[in-house]
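Observations on the three-dimensional arrangement
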Amino acid sequence: MNEADSEIIAGLLEDCNYRATRVPEEADIILVNTCSVREGADSRAIAHLSQYKNLKKHNPGLTLGLVGCVAQRDRGKILEQKPFIDLVLGPDTYRRIPELIIHANKPCIDVHLSKQEVYEGLMPFRNTQVNAWVSIMRGCNKFCSFCIVPFTRGRERSRAVESIVTEVKKAIQDGYQEITLLGQNVNSYKHQEDRFPDLLKTVALIPGVKRIRFTSPHPQDVDEAMLKVMREHENICKSIHLPLQAGATKILKLMNRTYSKEKYLDVVDKIREYMPDCSITTDIIVGFPGETDEDFEETLDVMDRVVFDNAYMFKYSPRPGTAAVKLPDDVPENVKAERLNRIIEKQKAHLLAKNRALVGTVQTVLIDGFSKKDRDEKIGRTDTNKLVILKAGSACIGEMVKVLIFDAVGVSLFGKVD
Ligand code: SAH
Ligand code: SF4
């Protein structure tokens, strides 16, 4: 989401005749877009911006800005602690960037949260080659007890279908092959009478859209209408990110996740009933307040039952201002670390087993870049979002090719164009 927001900001700056540079010494404006969802990311962001402070000696006109969720959360405090910062902008105030950069007295701060802002009508300046991020809704009304998002990004609001269609058509014209629809709760999209399945279908029917992905859906909002549309359209990737967070119903309740362990497993069954080969990935938090060994075993149990295709796994970190902060952070650090290791190891084994089962099959892969290790190899993704390192011959980035998978090692699949 932050990458997509950064592209919106870059689009606004391009419109004011600024040009992107990869060289910080050349820049007249440096904005660091920040995430506050977990502790690591937010401290890194501030450290990153501080790194540029000395550039002001050579370029006194340099504008340094902190934008996004950390800016929203820390507001005035940041300017007191880091007086070299000129701009502090929350996620709903990017439209003001041209005006603030050109005219305002610095430092300035705007962290107004909007009930309407969806950045309709702005064209992002894209930084990718194959996939175009298209943000369709913003904010979150779910208030999971561990999560800071509803406080930094405000309430849910969705863009009109027509404006999304215009942006997708433009991206296709510009040569993008894949569209990823984005939202904090992408499948609770709701604009007037339109719901997420309607939008998904409309986008799938736009000529030239080779692949559609979406992230991040909430299990509560996965319904049969969505699964039906996914099944009916070949260009909608058979891949769903379904954040579990925890396996024990007791913990899910404390997390305010609105589903039980059984309900989550029912959603998984439904997905597989509609699309037996659909990949399912997840997010898991270990060490939430009150998580006993028995509760943690339930997380392992769900992992064994579902066998996820991939998982983002985290130790719980208390986020100031959230409801969970009032609960004692009572799982010792070493226990959190040990639980995290156990799920990482389990997930690795599951992934390898799943990948090995693909050896000998032919997969349709969209090539999206070069391998970092070997420039003779390219990388691409299967419909189910699995990364394949491939000997692609003359096939180019952006091409869809049939690939024979010949090996699975660690977390990687290896293939050659069939
Ligand atoms: N909207 C998505 C998740 C967005 S946040 C959903 O509802 O699932 C991305 C992930 O960060 C979450 O799924 C969660 O696993 C993790 N996360 C969020 N807050 C956290 C916290 N306080 N500690 C550890 N992990 C956290
Ligand atoms: Fe955070 Fe929960 Fe909203 Fe996801 S659904 S963004 S975890 S509050």
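Along each chain, residue indices are assigned from 1 in the same order as the chain's sequence is written. Chain letters and ligand numbers both follow the written order, the letters beginning at A and the numbers at 1. Predicted model: local features are reported for residues with pLDDT of at least 70 only, side-chain atom pairs are reported and counted for 80 or more only, and whole-chain, interface and lining totals are derived from all residues. Computation of side-chain values covers all heavy atoms of the structure but excludes hydrogens and water.

**Observations regarding the overall build of the protein chain**
As a reminder of what qualifies: Every helix listed is a DSSP run of H or I at least four residues long, and every strand listed is a run of E at least two residues long, numbered separately from the N terminus. Only heavy atoms enter the contact rule, under which two residues are in contact if any of them lie within 4.5 Å. For every accessible area listed, the method is Shrake-Rupley and the probe measures 1.4 Å; residues are considered covered only by the protein chains on display.
Helix and strand counts for the protein chain stand at 13 helices and 19 strands. Of the contacts formed within the protein chain by residues at least 6 apart in sequence, a portion of 70% connects residues at least 24 apart. Approximately 19300 Å² of the protein chain is accessible, and the part contributed by carbon and sulfur atoms is 51%.

**Side note on the packing of helix α12 (residues 293–306) against helix α13 (residues 333–356)**
Defined as follows: Here an angle of 0 to 180 degrees is reported between the N-to-C directions of two axes, which are lines fitted to C-alpha atoms, with helices fitted over the stretch in contact. Geometric relationships in this document are graded by angle, where less than 35 degrees denotes roughly parallel, more than 145 denotes roughly antiparallel, 65 to 115 denotes roughly perpendicular, and other angles denote oblique. Crossing handedness: left-handed means the near helix sits turned counterclockwise from the far one by under a right angle, and right-handed means the same turn made clockwise. Residues are grouped as follows: Ala, Val, Leu, Ile, Met, Phe, Trp, Tyr, Cys and Pro are nonpolar; Asp, Glu, Lys and Arg are charged; all remaining types, including Gly, are polar.
At a minimum axis distance of 11 Å, the contact between α12 and α13 shows a crossing angle of 15 degrees. Judged by the inter-axis angle, α12 sits roughly parallel to α13. In the packing of α12 onto α13, the handedness of the crossing is right-handed. Contacts between α12 and α13 pair Asp293, Phe296, Glu297, Leu300, Met303 and Asp304 from the former with Arg339, Arg342, Ile343, Lys346, Gln347 and His350 from the latter. Here the residues of the contact of α12 with α13 are counted per class, giving four nonpolar, two polar and six charged.

**Focus on the pairing of strand β8 (residues 178–182)**
What counts is decided by this rule: Between buried and exposed lies partly exposed: a residue is buried under 20% and exposed over 50% of the maximum accessible area for its type, with that area taken using a 1.4 Å probe on protein chains only. The rule for pairing is simple: two strands pair if DSSP sees at least two bridges between them.
For β8, the buried fraction is high: five of the five residues fall into the buried class. Neither face of β8 is exposed, since Glu178, Thr180 and Leu182 on one face and Ile179 and Leu181 on the opposite face are all buried. In this sheet, β8 lies alongside strand β5 (residues 131–135) in parallel orientation, the contact comprising five bridges. Residue pairing for β8: Val134 is matched across the bridge by Leu181. Inspection of the sheet shows β8 paired to strand β11 (residues 211–215) by five bridges, in the parallel sense. Among the inter-strand pairings, Thr180 is bridged to a residue of β11, identified as Arg213.

**Considering the site of ligand 1**
Rules: Whether a residue is near a molecule or strand depends on its heavy atoms: it is near if one of them lies within 4 Å of it. Here a polar contact is taken to be a pair of N or O atoms separated by no more than 3.5 Å, where protein atoms must pair a possible hydrogen donor with a possible acceptor and residues adjacent in sequence count only if both atoms sit in side chains. Domain delimitation in this document rests on an assignment produced automatically or drawn from a domain database.
Around ligand 1 sit 16 residues in total, of which Arg38, Gln184, Gln245, Asp283 and Ser317 are the nearest. At 3.1 Å from an oxygen atom of ligand 1 is found a side-chain nitrogen or oxygen belonging to Arg257. Here ligand 1 has 540 Å² of accessible area as a free molecule, and 89% of this is covered by the chains. Elements with a minimum of two residues in the shell around ligand 1: β13 (279–286) and β14 (310–315). Along the lines of polarity and charge, the residues of the shell around ligand 1 split into six nonpolar, five polar and five charged. Formed jointly, the shell around ligand 1 draws a minimum of three residues from each of two domains, domain 2 (128–237) and domain 3 (241–260 + 271–357).

**A closer look at the domain arrangement of the protein chain**
What the domain assignment lists for the protein chain is domain 1 (2–110), domain 2 (128–237), domain 3 (241–260 + 271–357) and domain 4 (362–417). Summarising the inter-unit geometry, the C-alpha centres of domain 1 and domain 3 are found 34 Å apart.

**Digging into the environment of Lys263**
By secondary structure assignment, the location of Lys263 is in helix α11 (residues 261–274). Distance in space between the C-alpha atoms of Lys263 and Pro219 is 8.9 Å, their sequence separation being 44 residues.

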